[in-house]
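Residues per chain are reported as follows:
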Amino acid sequence: MARAFLFVLDSFGVGGAPDAALYGDDGADTLGHIAEFCAAGAADRSGLRQGPLNLPNMSALGLLEAARMANGTYPAGMPLPQKLFGLYGTATEKSRGKDTPSGHWEIAGVPVPFDWGYFPKEGDAFPAELIDTMLARTGLPGILGNCHASGTEIIDRLGEDHIRTGKPICYTSSDSVFQVAAHEAYFGLRKLYGLCEILRELLDPLNIGRVIARPFTGEMPGAFQRTGNRRDYSVPPPEPTLLDRLKSAGRGVHAVGKIGDIFAHQGTTRELKGSGNAALMATTLAAMEDVAEGDLLFTNFVDFDMEYGHRRDVAGYAAALERFDMFLPDVYRRLAPGDLVILTADHGCDPTWRGTDHTRERVPVMAFGPSIGSRTIGIRETFADIGETIAAHLGIEPGRHGRSFL
């Protein structure tokens with residue numbers, strides 16, 4: 001019995017989903033298009049990065065082979081490594097959503113067997129009865145927004161009105177989500193969290209996956225900044241996940257970043273936060289020292305999605321990938337014989353794609369450790385194979401939705 005480390009690069013898809021056309025995403029390819037832009041010099045940014053996408057460590061772990069399996073081509077401008085290390089392949093999502101909870105729950109062995117509720121794109125996003133009930137429960141004077149929107153754009157557009165009126169900014173996206181943005185000083189975190197708890201209760205009958213508190217600071221458009229005090233209020237998974245099974249077996253489940261929120265704080269034994277990828281990397285490295293034999297450490301690296309994918313920032317996404325790639329040797333140096341690390345993603349968010357929403361894609365799967373040999377694991381039919389691989393590695397009973405690739 002050893003340890004397991006599961007790292008989700010939030011939104012780092014590799015294209016090729018067989019049902020992408022059903023979502024309007026046929027041709028979306030997060031890695032492929034970032035690499036294409038970098039190779040063409042279209043992702044050069046002074047002081048940030050230059051040239052072709054440079055991911056030597058993930059390439060040596062089979063990333064480029066995973067991309068070729070997913071969509072038939074290698075990413076542009078990225079040299080093939082001389083030698084591969086570890087297990088590598090790609091996985092297809094079985095759940096029907098292309099959202100964060102669906103992807104993470106399936107990674108943890110539980111595909112989502114139902115359709116989420118969504119809000120309409122035309123007219124008011126939220127039912128009048130829902131808003132009236134929420135206002136009656138909270139005493140708020142009203143809401144702003146009530147539409148599909150990019151979080152940063154709507155805060156810039158409505159932030160001053162929010163400060164002046166005290167009305168929270170409420171918006172949604174193509175995901176099953178109700179988002180509430182409010183100023184940390186003028187509205188207050190406690191008031192924002194309390195509002196989201198009420199909304200979580202009211203939205204359960206509509207089968208809405210998440211309510212997200214989006215606090216921000218600043219005094220004027222262009223200076224408003226979302227903070228690290230985001231909080232997600234998720235419905236619980238429909239059955240016990242890998243996390244629940246490990247906790248029931250007496251194992252430690254160390255959740256870093258928004259993992260605790262995604263799983264409605266079920267199945268975790270320790271939750272650690274960090275604002276941004278750099279802080280999440282530092283927190284992960286420090287937490288690795290406290291992971292005992294038989295434990296799982298599970299980190300979500302959110303910036304790829306939140307800061308760069310949704311904002312359609314190709315250069316920023318590329319630079320974040322290059323920084324993450326440089327973090328991997330530090331991970332390897334902290335591994336003990338028998339440890340297992342798995343890198344994967346929960347969906348795509350192609351920064352070259354139309355709109356600002358997630359994209360339906362396959363995801364890479366790369367597994368390595370001191371005792372792990374090198375071979376392909378092919379195209380997996382479900383993300384649940386990732387969770388079942390960890391279950392097998394840690395010696396607990398298998399679940400019913402996937403199978404280990406060890």
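Each chain carries its own residue numbering, running from 1 in the direction its sequence is written. In keeping with the model being predicted, local features are shown solely for residues with a pLDDT of at least 70 and side-chain atom pairs are shown and tallied solely at 80 or more, while totals for entire chains, interfaces and linings include all residues. Only hydrogens and water are set aside; all other atoms, that is, all heavy atoms of the structure, feed into the side-chain values.

Moving on, we get to the pattern of salt bridges. When a carboxyl oxygen of Asp or Glu is within 4 Å of a side-chain nitrogen of Lys or Arg, the pair counts as a salt bridge. Taken as a whole and judged by the stated rule, the model has 24 salt bridges. Arg 333 is the salt-bridge partner of Asp 330, the closest N and O atoms lying 2.3 Å from each other. Of this pair, Asp 330 and Arg 333 are both found in helix α12 (residues 314–333), three residues apart, which corresponds to roughly one turn of the helix. A cluster of three or more residues bridged by salt bridges with shared partners is formed by Asp 175, Arg 210, Arg 230 and Asp 232. A helix here means a DSSP run of H or I that spans at least four residues, while a strand means a run of E at least two residues long, and both kinds are numbered starting from the N terminus.

A positive phi angle, close to 55 degrees, is found at Asn 146, a residue other than glycine. Looking at where Asn 146 falls in the secondary structure, it is placed in strand β3 (residues 144–148). The cut-offs for exposure are 20% and 50% of the maximum accessible area for each residue type, with area from a 1.4 Å probe on protein chains only; residues under the lower value are buried, those over the upper are exposed, and the others partly exposed. Note on Asn 146: relative accessible area 13%, which makes it buried. With a phi angle near 55 degrees, Ala 264 is a residue other than glycine that sits in the positive phi range.

In this section: helix α13 (residues 384–394). Within α13, 10 of the 11 residues are buried, leaving the element largely enclosed by the surrounding structure. Downstream of α13 by one or two residues, Gly 395 has phi in the positive range, about 75 degrees.

Here we take up the environment of Thr 352. Mapped onto the elements, Thr 352 comes out in the loop between β12 (340–344) and β13 (363–368). The exposure class of Thr 352 is partly exposed, given its relative accessible area of 27%. Residues Thr 352 and Gly 41, spaced 311 residues apart in sequence, show a C-alpha to C-alpha distance of 14 Å. Contact definition: two residues touch when any of their heavy atoms are within 4.5 Å. Discounting residues that sit within four places of it in the chain, Thr 352 has contacts with His 33, Phe 37, Arg 312 and Val 314. Pairing of N or O atoms within 3.5 Å defines a polar contact, subject to two protein rules: one partner must be a possible hydrogen donor and the other a possible acceptor, and residues neighboring in sequence count only if both atoms are side-chain atoms. In this structure the side chain of Thr 352 is engaged in a polar contact, spanning 3.3 Å, whose partner is the side chain of His 33. At a separation of 2.7 Å, a polar atom in the side chain of Thr 352 contacts the side chain of Asp 350.

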